[in-house]
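Listed below are the residues making up each chain.
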Amino acid sequence: MTPPDPGPQTVLCGEVRTSVLRTSEALTARTATQLLNLRPDEHVLLSERPNLRVVSPHQLTGVDCRLPALTGGRPRAVGTVAVRAVLTEGRVLQTSAFARLVPGVGSHRKPWGHYLLRPGDIEPLARHQARDVVEGFLASAPLPGGVLNPGSIAERLLDEVLRHQLLDQRAPFKSGRTRLRWTALPAAEGAQASIERFTVAADGLRTVALRTPSADPSAVAALCEDLALHDWLLTTLLALVERSRLGSGDGEAVLAALRPLVDHLLHLWMPGARVPDALAGVWETLERRPGFSRQWQSLVQRIRDQVALRTVPLSRPVMARS
Amino acid sequence: MLVFAASDKGGTGRSVTSSNVAYRRALAGDDVCYLDFDFGSPTAAAVFDVPGASRGVAAGGLHSHLQGRHTEPHRIDVWAESEHEELRYRPTGSGRLVLVPGDRDGGEFAIGKDTVRRCVNLFLQLESEFDVVVVDLSAGRSYAVDMVLEATAQPELARVLSRWLVFHRWTHQHVIAAHGLVFGERGIVAGGVERGHDKGALRDSIRFVRAAVPDPESPLWAHVPLAQSEWMRKCDRDLTELAAELDLGYARLLGKIPLEPVLQWREQLITDEDVLASKVAGMPTRQALEELAAALVDEEAWERQ
Amino acid sequence: MTEQIFRETTAEPRTQSVPLAHVSLELGHLYMEDFEEGADRLREHFARVKPWADAAHAAAAVMSGGGRARVSTCFLVDDYFTQFSSPRELVPLLLGEAKAAGLEIDYLARESACAQADGVALAAAVEGRLVESPAEGSDGTRPGARETGWLSNGQRSPAAGTAEAMGRVVPWTPPSEAGARRHSIFVDVELWSADPRRTWSCPFLASVWQLARLGLLRHRGNPVLEPRGLRPDQALPETWSALPPLLRLNDSAAPFAAYRTTSVLPSRFLPIEHAVRVILGQVDADSGALRQVAERAAGEGIQVPAEIADRAAYVFYPGP
Ligand SMILES: Nc1ncnc2c1ncn2[C@@H]1O[C@H](COP(=O)(O)OP(=O)(O)OP(=O)(O)O)[C@@H](O)[C@H]1O
Ligand SMILES: [Mg+2]
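What about the overall build of chain C?
Per the secondary structure count, chain C includes eight helices and 16 strands. Its C-alpha atoms give chain C a radius of gyration of 21 Å, within 12% of the compact-globule value 20 Å for 320 residues. Viewed in the frame of its principal axes, chain C has a C-alpha envelope of about 75 × 55 × 45 Å. Sorting the 320 residues of chain C into buried and exposed places 50% on the buried side. For chain C, restricting intrachain contacts to residue pairs at least 6 apart in sequence, the fraction spanning at least 24 positions comes to 80%. Here chain C displays about 15,200 Å² of accessible surface, and carbon together with sulfur accounts for 53% of that area. Positive and negative side-chain charges of chain C, numbering 32 and 40 respectively, have mean locations separated by a distance of 4 Å.

Below is the structure:
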């Protein structure tokens, strides 16, 4: 049964790509600022508490394409998608592309200047149901060409930043990228932000459906960047621990595999650190189930135990570094 | 590490041997990715027995990716998708084995600045995720070879380890052709230098692999007349001499895969089951593949000059 | 001095405002070829500009609602593509010829200032603000003008032939102009060339010039290309680089930047200014600056077109 059509609604949607920064040393605030100086005449945002987070200015990409839809036709829509890059602790790079589908419907494409004055807005040129667009967008299959695809815009920027000459292309450990695709519909009158689903598809795509009181795309995107960051941390740590064959015999090899985790990842866990109160409910839900932090803590404990266990008796030179 | 598999002629055993090397590296615990850059004939997936991909995939393959038609090339997790009995379960301790196929019915395409940029991005991304990235290139002087020479000459890839395996059969023509592909006027080294590679470094990153080598002492030939086996031995000696003369000798030789009847019949991975249980494939073949897979990451084998 | 390129996330974004005239009137644009024709050429130019300058003043008076119209005049000298003469020689000549025609030049700008002024790379900043008008079907996957160096007003004709060996033959299709009325006027503008180092194209610098005159350029919130005068005791320098990028020649002039611009140019500039329109139509200008202009205009009861390109007017007089 489908709920009755609530009429035109604003839909926020976006996708976050997360990757390790390919550099042997984490970047300092200064170099991070240079790296993310994507629009030379605008400021790079930097905040140092509770951890170092650097955010690039937005770039805009013009689109004139179809909206995804699960059941109905795919309406044409015109506007711009905003994309930015975020670097956490000089180590984890994210690019985040997002847009707001405005509820109104035009019938003809307007002069381009009209859309430039509404950065990050996309205006549909035909009637559509917000729910249908959300479902179509979150369906895990790769989005077909010609359909709104913030993920590919984020991917382009990620590749561009990762090629920057400031980077020595030497990551301290092997790891993959993750993709998190999200949508946000308006929360009911007076209700808190809530998360309707968080799924992991077989091809690694994460999908998140939110209801938020705030329709500020930048704030909701920041929440999703935070979710994506912690999901990536957990995914990466799990993969690396598995590779290290924690339970196996070769102590030297296990230590060599775990060492970079201790050096580069373990201190990054800080869920919800910058999420505004109005959106904080989302993290609370996720902490109850599936319990991101619980899983992280237990992994970290295992790693610390292993490192302690294998170093104490022999005090290997590899541990001489502080 | 990026590993480029090249050969002057088609049908040398480049795809089958490099697939087997990829498989062996994964068994040894490395995360391995295999890219089908044989754009004129994207059939590498066949060796891995992945249904629906043996001639490339219907959408999202490397052809369309490198030409900018989509941002994410399709990936196939061999352990999960292969129909091969032995590949369906990931052995404990093994690494990931991922195949990135071409597009079905894809063909060679011209290389521009954009294609090279996408290729660099792809290499950088896969290299940061996998221990070994095997790139199966089209035979001969191809756009694919041009593109990877151009890509690896870019500053972003300067600090990424690249190695070349040049496959050839053990015949007079093949030895001369392999020499030409590497050292010739329009060969890999010359082409690389033209694109900004350091000559010595590029040359030292190239090793030869002899595929489908008949061993005169093998039981396969035990029943041939004496004159014939004498003749085979002489050919083998002459070829060894020729190879040494053309700088394809010991110092630049990384591996030698014996002529394997199973592979003559079917392009496939040689699993331990094939060798130990059903005994359809020969132990020396398995041994040679294993040694080649080990030599690929053995620094000493790459320091020889 | 280390420049602050970052801002704490908590700090409020702020954009400083610049004073605005009603109209910025450009009296000409001087290249080496013109200069080499001698003083006669300049004299003829200003004589032809004069009636149109008067008309521009009259139009500005209408725009200002009958009050005193603030009109500032400016002149652009190329020192980017070729350097010729010297400020010491040229500026007095220029002012003299203008005066003889009854014109006064309030501000003199160097073309290279549109690329780089006071240590700020203006052209690169504007390039970073290009947001291409998408052709129908674009989902944002294709590389943009920043990678290719070309910007068009529609959809290019795909290269004919086959993209892949033995692939389908792609038939030729014509290029098309976005939002064309029945027939297309397709324009593809080269923004820069890269041999051996990046050289910005004339139309691209002219677009920066228009944005500067419209008060829409900022560098991290601060005004750029601010006019400077010479001190009374200061002589005109021998080299162009020693001259302020935007020189104020008249202390009682109306502000350099304005709600609208008018440029009086010989007709050979027509294609360049068409290209400027194509570029300005795809610039995502500083939102703070746009807002300030809109608010100030509203405060003065003045209409300013929403589209930046529509704020620029031209007179093309006949002749080379
Ligand atoms: N060691 C071997 N012994 C016997 N046959 C072999 C051996 N290695 C490969 N072959 C066979 O040789 C044929 C060609 O091998 P393969 O397809 O790997 O060559 P290739 O160099 O990739 O060719 P192409 O250029 O056409 O892609 C296949 O039938 C394969 O099974
Ligand atoms: Mg092959």
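Overview of the site of ligand 1
Residue and element names in this part refer to chain B. Taken together, 19 residues are adjacent to ligand 1, and Ser-15, Val-16, Arg-169, Leu-263 and Glu-267 come closest. A distance of 2.8 Å separates a nitrogen atom of ligand 1 from a polar atom in the backbone of Glu-260. Here Leu-263 contributes a backbone N or O atom positioned 2.4 Å from an oxygen atom of ligand 1. Elements supplying a minimum of two residues to the shell around ligand 1: α1 (14-27), β8 (253-258) and α10 (261-265). Among the elements that line the shell around ligand 1, the one with the most residues is α1, at three residues. In terms of residue class, the shell around ligand 1 is built from seven nonpolar, six polar and six charged.

Here we look at the interface of chain A and chain C
Listed per partner, the contact involves 38 residues of chain A and 37 residues of chain C. In this assembly, chain A packs against chain C so that about 3,200 Å² is buried in total across both faces, 48% of it on carbon and sulfur atoms. Between the two partners, chain A and chain C, sit five salt bridges. Measuring nitrogen to oxygen at the nearest pair gives 2.6 Å for the salt bridge that ties Arg129(C) to Asp41(A). Summed over the shared surface of chain A and chain C, the result is 15 residue pairs in polar contact (both at pLDDT 80 or more). Counting residues per element, the ones that place at least two in the side of chain A that touches chain C are α1 (29-35), β2 (44-47), β4 (59-66), β5 (76-88), α2 (112-116) and α4 (150-162) of chain A.

Re the side chain of Arg25(B)
Residues and elements named next belong to chain B. Examined against the element boundaries, Arg-25 turns out to sit in helix α1. Under the relative-accessibility criterion, Arg-25 is labelled buried at 10%. With residues near it in sequence (within four places) discarded, Arg-25 still touches Asp-30, Val-32, Val-132, Ala-293, Ala-294, Leu-296 and Val-297.

Considering the pairing of strand β4 (residues 107-110) of chain C
The side chains of a regular strand alternate between both faces of the sheet. All names here are of chain C. Alternating residues of β4 divide into Tyr-107 and Ala-109 and Leu-108 and Arg-110, and every residue in both groups is buried. Bridging between strand β3 (residues 71-77) and β4 involves four bridges; their strand directions are parallel. The partner of Val-77 across the bridge, within β4, is Arg-110. For the crossover from β3 across helix α3 (residues 87-100) to β4, the handedness is right-handed.

Quick word on the interface of chain A and chain B
Across the boundary between the two partners, chain A contributes 18 residues, which contact 19 residues of chain B. For the chain A and chain B pair, buried surface summed over both sides reaches about 1,800 Å², with 39% attributable to carbon and sulfur atoms. Three residues stand out in chain A for area buried against chain B, namely Arg163(A), Lys174(A) and Arg243(A), and they jointly supply 35% of the buried area on that side. Counting the contacts that link chain A with chain B gives five salt bridges. For Arg243(A), the salt bridge goes to Asp131(B), with nearest N and O atoms at 3.0 Å. Run the count over chain A and chain B and you get 12 residue pairs in polar contact (both at pLDDT 80 or more).

Let's talk about unusual backbone geometry
The step from Arg49(A) to Pro50(A) runs through a cis peptide bond, and the omega angle for that step is -5 degrees. Here Pro50(A) lies in the loop between β2 and β3 (53-55). Of the consecutive residues Arg289(A) and Pro290(A), the connecting peptide bond is found in the cis state with omega at 10 degrees. Along the polypeptide, Pro290(A) turns up in the loop between α7 (281-288) and α8 (292-311). Non-glycine residue Glu89(A) carries a positive phi angle of around 50 degrees. When you line up the elements, Glu89(A) lands in the loop between β5 and β6 (92-101). With a relative accessible area of 22%, Glu89(A) lands in the partly exposed category. A positive phi angle, near 65 degrees, is found at Arg182(C), a position not held by glycine.

A short note on the packing of helix α6 (residues 251-264) of chain A against α8(A)
Residues and elements named next belong to chain A. Between α6 and α8, the least distance of the axes is 10 Å, while the angle of their chain directions is 135 degrees. Taken together, α6 and α8 sit at an angle that is classed as oblique. Of the two possible hands of crossing, α6 and α8 adopt the one that is left-handed. Here Gly-251, Val-254, Leu-255, Leu-258, Leu-261 and Val-262 of α6 come into contact with α8, specifically with Ile-303, Gln-306, Val-307, Arg-310 and Thr-311. Partitioning the contact of α6 with α8 into residue classes produces seven nonpolar, three polar and one charged.

As for the sheet that holds strand β4 (residues 97-100) of chain B
All names here are of chain B. Overall, mixed pairing links the eight strands, which are arranged β3-β4-β2-β5-β1-β6-β7-β8 in an open sheet. Of all strands in the sheet, those with a lone pairing partner are β3 (76-77) and β8, marking the two edges. Pairing of strand β6 (residues 162-169) with strand β7 (residues 206-213), which is carried by six bridges, proceeds in the parallel orientation. Bridge assignment links Trp-164 to a residue of β7, and that residue is Ile-206. On the sheet, helix α4 (residues 113-129) packs against β1 (2-7), β2 (32-37) and β5 (132-137) and is oriented at approximately 160 degrees with respect to β2. The sheet contacts of helix α5 (residues 143-152) involve β1, β2, β5 and β6, and relative to β6 the element is tilted by about 155 degrees.

Concerning the sheet that holds strand β16 (residues 312-317) of chain C
Residue and element names in this part refer to chain C. Read from one edge of the open sheet, seven strands run β13-β14-β4-β3-β2-β15-β16, paired in mixed fashion. Strands at the two margins of the open sheet, each flanked by one partner only, are β13 (228-229) and β16. With six bridges connecting them, strand β2 (residues 21-30) and β3 associate as parallel partners. When the bridges of β3 are listed, Leu-30 appears paired with Val-77. Taken strand by strand, α3 contacts β2, β3 and β4, and its axis lies near 140 degrees from that of β3.

Section: the pairing of β2(B)
All names here are of chain B. Along β2, six of the six residues are buried, which leaves the element largely enclosed by surrounding structure. Because side chains alternate across β2, one face comprises the buried residues Val-32, Tyr-34 and Asp-36, and the other comprises Cys-33, Leu-35 and Phe-37, equally buried. Here β2 pairs with β4 via four bridges, running parallel. Residue pairing in the sheet places Val-32 in a bridge with Leu-97 of β4. Sheet topology note: the β2/β5 ladder contains six bridges and is parallel. Residue Phe-37 lies in a different strand from β5, and its bridge partner there is Leu-137.

Some words on the pattern of salt bridges
Side chains that carry opposite charge are capable of pairing whenever their charged atoms lie near each other. All names here are of chain C. Going through the model one piece at a time under the given rule, you end up with 66 salt bridges over all chains. Across the pair Asp-34 and Arg-41 runs a salt bridge, and its minimum N-O distance is 3.2 Å. Under the relative-accessibility criterion, Asp-34 is labelled buried at 6%. Where Lys-50 meets Asp-54, a salt bridge forms, and the shortest distance between an N and an O atom there is 3.0 Å.

Regarding the domain arrangement of chain A
All names here are of chain A. Entries for chain A in the domain assignment read domain 1 (11-215) and domain 2 (233-311). The centre of domain 1, based on its C-alpha atoms, is set 26 Å off from the matching centre of domain 2. Each partner contributes to the interface: domain 1 provides 23 residues, whereas domain 2 provides 19 residues. Across the domain 1/domain 2 interface, buried area totals approximately 1,700 Å², and carbon plus sulfur atoms make up 70% of it. Counting every contact that joins domain 1 to domain 2 gives zero salt bridges. For the pair domain 1 and domain 2, the number of links is five residue pairs in polar contact (both at pLDDT 80 or more). Where the side of domain 1 that touches domain 2 is concerned, the elements lending two or more residues are β9 (194-200) and β10 (205-212).

Criteria and cut-off values
- Residues numbered from 1 in each chain as written.
- Chains lettered and ligands numbered in written order.
- Predicted model: local features only at pLDDT ≥ 70, side-chain atom pairs only at ≥ 80, totals over all residues.
- Heavy atoms only, no water.
- Helix = DSSP H or I, 4+ residues; strand = E, 2+ residues; numbered from the N terminus.
- Rg over C-alpha atoms; globule rule 2.2 N^0.38 Å.
- Buried < 20%, exposed > 50% of the residue type's maximum accessible area, 1.4 Å probe, protein only.
- Contact = heavy atoms within 4.5 Å.
- Areas by Shrake-Rupley, 256 points an atom, 1.4 Å probe, with all protein chains shown as cover.
- Lys, Arg positive; Asp, Glu negative; His and termini not counted.
- Charge placed at Lys NZ, Arg CZ, Asp CG, Glu CD.
- Near = heavy atom within 4 Å.
- Polar contact = N/O pair within 3.5 Å; in protein donor to acceptor, adjacent residues only side chain to side chain.
- Nonpolar A, V, L, I, M, F, W, Y, C, P; charged D, E, K, R; others polar.
- Buried area = accessible area lost by both parts, 1.4 Å probe.
- Salt bridge = Lys/Arg side-chain N within 4 Å of Asp/Glu carboxyl O.
- Pairing = 2+ DSSP bridges.
- Right-handed = clockwise from strand over helix to strand, strands pointing away.
- Axes fitted to C-alpha atoms, helices over the stretch in contact; angles between N-to-C directions.
- Parallel < 35°, antiparallel > 145°, perpendicular 65-115°, else oblique.
- Left-handed = near helix turned anticlockwise from the far one by under 90°.
- Domains from an automatic or database assignment.

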